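# Understanding the architecture of this molecule
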Amino acid sequence: MTVEHLHSTGTGPGPAAVLAATAALSAAVGYLLAAARLRRRGDVWPRRRDACFVAGGVALAAALVTPPGGPFTAHMVRHLVVGMVAPLLLVLARPLTLVLRVPLPRPARRALLRVAHSRPAGWLVCPPLAALLDVGGLWLLYRTPLWAAVHERPLLDAAVHVHVFAAGLLFSFAVCRLDPVRRRWGLFSRGTALLGAGAAHAVLAKSFWAAPPLGTDVATADLRTGALLMYYGGDLVEIALAVVLAVQWYAAGGRALARDRRPRPSSPVRRSARVTGGYAQGTTREGVAQRPAEAGR
Amino acid sequence: MTGSARRPASPPSHSDARPLPRRSMAVCALIGAALMAAVDEIVFHQILNWHHFYDRSTPAVGLLADGLLHTAELLGLVVGFVLYADLRRRGTLSPAHARAGLFLGLGGFQLFDGIVDHKVLRLHQIRYGVDLLPYDLAWNVAGLVLLGIGAVLAVRAGRAPLSAEPAR
C-alpha cells in the first residue's frame with residue numbers, strides 16, 4: 001500500500017464527509033434556535049454553551065472536509081478534532097439538557113427520557129467502560145489489520161469515523177457528567193478513567209514514533225509529525241477535561257462552604273431559582289430526578 | 001483581607017479555619033513536581049531539543065510507565081492548583097509549609113526524573129552525542145539542591161508558630 005492510498009477520502013471530501021459536515025452544522029443551528037427559544041421563555045441558558053456547541057459543530061465540519069498536511073498528519077488532525085476536541089465542546093454545551101427542556105412532542109420526549117434513564121445508558125456512561133470503548137477502539141484501529149482494511153473499504157472507513165466520534169462523545173459525556181442520565185458516577189472513577197485513557201493515548205502516540213500503523217508504509221516525517229500531534233494534542237484535551245472536573249469539585253466545595261457559613265435559620269433555606277446549570281436543585285423542568293442518590297460513590 | 005468581617009451574614013471564618021501544614025505542603029509538592037515536569041517538557045524537549053521524544057531504545061514497560069506518569073503530571077498540575085485554591089479559600093493555607101512543599105516537589109521530581117526516567121527506565125537521555133556524565137551529575141545535583149532547600153524550609157516552617165492566610 002502506498003502513501004497515496006493511505007487516505008483516499010482525504011484528498012477531496014467524499015459525499016459522506018460532506019453529508020456529515022452538513023449534519024454537524026445543522027445541529028449547531030438547531031442548538032442555537034432551541035437555546036433562543038429557552039431564553040425567550042425566560043430560562044437562563046448561558047451564552048458560552050451556545051459558543052461551545054457552535055465551535056464544536058464548526059470544528060467537526062471543518063475537520064471532515066479539509067484535512068491539512070501529509071496523509072498521516074491529516075488523519076491525526078481529523079482524529080483529534082473528530083474524536084476529542086469536538087466531542088468535548090459539544091458535551092460542554094449540555095445538549096441533552098437542552099433537548100429535554102425544549103417543548104418536544106410527547107412520545108419523542110418520553111422515548112428520550114426512557115433511553116436516558118435506562119439501565120444500559122447508566123452502564124455506558126461508566127467512566128472506565130467509556131474510556132475502554134474510546135481508547136481501546138483506537139488501539140484496535142491502529143495496531144490490528146483493521147487499519148489496512150479501512151483503506152480498502154470506504155464504508156468501513158465511514159463506520160470507523162462514526163465510532164471515533166461516538167466513542168469520543170461518550171467518553172467526554174461520562175467524564176464531564178453534565179447531562180442527566182440514570183447513573184451519576186463519582187469524581188474518583190471519572191478521574192481514574194481520564195488518567196487511564198490519557199496514558200493509553202500517550203503510549204499509542206509515542207509508539208507511532210517508532211512504528212507506523214500495521215500494514216502501511218508512511219513517510220517518516222509524516223509519521224513523526226502525526227505522532228507529536230497526537231501526543232501533545234491529546235495532552236491539551238486531557239488538561240481541558242481535568243479542568244472541567246476540577247472546576248466541578250471546586251464549585252461543589254464552594255456551595256458546601258457557603259452552606260456552612262450561612263447562619264442556620266429555623267426553616268430550610270429556599271434556594272434561589274436561578275438555573276445555573278448545576279444539579280443543586282432537587283428537580284428541574286426536565287422532570288428528571290436529578291439526584292438519584294449518588295450510588296456511584 | 002477584611003471582607004469576611006464586613007459581612008455580618010457569614011461568621012468570621014478564621015475561627016473554624018486552622019492552617020493545615022501537612023496538606024499545604026503536600027499540595028504544593030504536587031504543584032512543584034508537576035511544574036518541574038512541565039519545565040522539563042518545554043525547555044529540554046521543545047526549546048533545546050536535547051531530549052528525544054522517543055529514542056527507540058525504551059523498553060515497553062518504560063513506555064507504559066512514561067505514558068502513565070506523563071498523564072499523571074498533567075492531571076497533577078490541574079489538581080494541585082485547584083487544591084491550592086481550595087486551601088486559600090478556606091483560610092487553611094500555611095504559606096511557610098507551602099513554600100517548603102513547592103521546593104520538595106521541584107527537587108523530588110528532578111531527582112526522580114534523573115534517576116528513574118533517565119537511568120532505570122531509560123526513557124531518554126538528557127542529551128545525545130555527548131559524554132553524559134556531566135549532564136547527569138548536573139541534573140541530579142540540581143535536584144538534590146532543590147530538595148535541600150525544601151528540607152531547610154520545611155524544618156524552619158515546623159519551628160515557626162503556625163500562621164495561616166486569612167480566608168477570603
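For the structure, check the block above.
The following paragraphs examine the structure supplied in this document. For clarity, every value in this text was computed on a predicted model and none was experimentally measured.

### A closer look at the environment of Leu 146 of chain B
All names here are of chain B.
- Examined against the element boundaries, Leu 146 turns out to sit in helix α5 (residues 132–159).
- Placed 37 residues apart in sequence, Leu 146 and Phe 109 show a C-alpha to C-alpha distance of 9.9 Å.
- Not counting residues up to four positions away in its chain, the partners in contact with Leu 146 are Met 36, Phe 103, Leu 106 and Gly 107.

### Concerning the packing of helix α5 (residues 71–92) of chain A against helix α13 (residues 220–261) of chain A
- Running from N to C, α5 of chain A and α13 of chain A point in directions that differ by 10 degrees, and their axes come no closer than 8 Å. Taken together, α5 of chain A and α13 of chain A sit at an angle that is classed as roughly parallel.

### Let's talk about the interface of chain B and chain A
- Taken together, the contact between chain B and chain A spans 28 residues of the former and 29 residues of the latter.
- Where chain B touches chain A, the interface holds one salt bridge.
- Two residues, Asp 66 of chain B and Lys 206 of chain A, come together in a salt bridge whose shortest N-O distance is 2.7 Å.
- The tally of links from chain B across to chain A stands at seven residue pairs in polar contact (both at pLDDT 80 or more).
- Every element with two or more residues in the side of chain B that touches chain A is listed here: α2 (21–47) and α3 (60–90) of chain B.
- The greatest single-element share of the side of chain B that touches chain A, amounting to 17 residues, is contributed by α3 of chain B.
- Split by residue class, the side of chain B that touches chain A holds 15 nonpolar, six polar and seven charged.

### Section: the pattern of salt bridges
- Under the defined criterion, the tally for this structure stands at six salt bridges over all chains.
- Connected via shared salt-bridge partners are Arg 41, Asp 43 and Arg 101 of chain A.

### Focus on the packing of aromatic side chains
Residue and element names in this part refer to chain A.
- For the structure shown, the criterion picks out eight aromatic pairs over all chains.
- Consider the rings of Trp 123 and Trp 185, whose centres lie 6.0 Å apart with planes at 55 degrees: the pair is tilted. In this pair, Trp 123 sits in helix α8 (residues 119–124) while Trp 185 sits in the loop between α11 (154–176) and α12 (187–210), placing the two residues 62 residues apart along the sequence.
- Exposure remark for Trp 123: the relative accessible area of 47% places this residue in the partly exposed category.

### Quick look at a nonpolar patch on the surface
Residue and element names in this part refer to chain A.
- A grouping of Leu 124, Leu 129, Leu 132 and Leu 133 is seen on the molecular surface, where their side chains present a nonpolar patch of about 330 Å² in accessible area.
- By residue number, the principal contributor to the nonpolar patch is helix α9 (residues 127–143), which donates three residues.
- One can find Leu 132 in helix α9.
- Accessibility expressed as a relative area gives 57% for Leu 132, which makes it exposed.

Analysis parameters
- Residues numbered from 1 in each chain as written.
- Chains lettered and ligands numbered in written order.
- Predicted model: local features only at pLDDT ≥ 70, side-chain atom pairs only at ≥ 80, totals over all residues.
- Heavy atoms only, no water.
- Helix = DSSP H or I, 4+ residues; strand = E, 2+ residues; numbered from the N terminus.
- Contact = heavy atoms within 4.5 Å.
- Axes fitted to C-alpha atoms, helices over the stretch in contact; angles between N-to-C directions.
- Parallel < 35°, antiparallel > 145°, perpendicular 65-115°, else oblique.
- Salt bridge = Lys/Arg side-chain N within 4 Å of Asp/Glu carboxyl O.
- Polar contact = N/O pair within 3.5 Å; in protein donor to acceptor, adjacent residues only side chain to side chain.
- Nonpolar A, V, L, I, M, F, W, Y, C, P; charged D, E, K, R; others polar.
- Phe/Tyr/Trp six-rings, centres within 6.5 Å; stacked < 30°, edge-to-face > 60°.
- Buried < 20%, exposed > 50% of the residue type's maximum accessible area, 1.4 Å probe, protein only.
- Patch = residues over 30% accessible without salt bridge, like charges linked within 9 Å, V, L, I, M, F, W, Y side chains within 5 Å.
- Areas by Shrake-Rupley, 256 points an atom, 1.4 Å probe, with all protein chains shown as cover.

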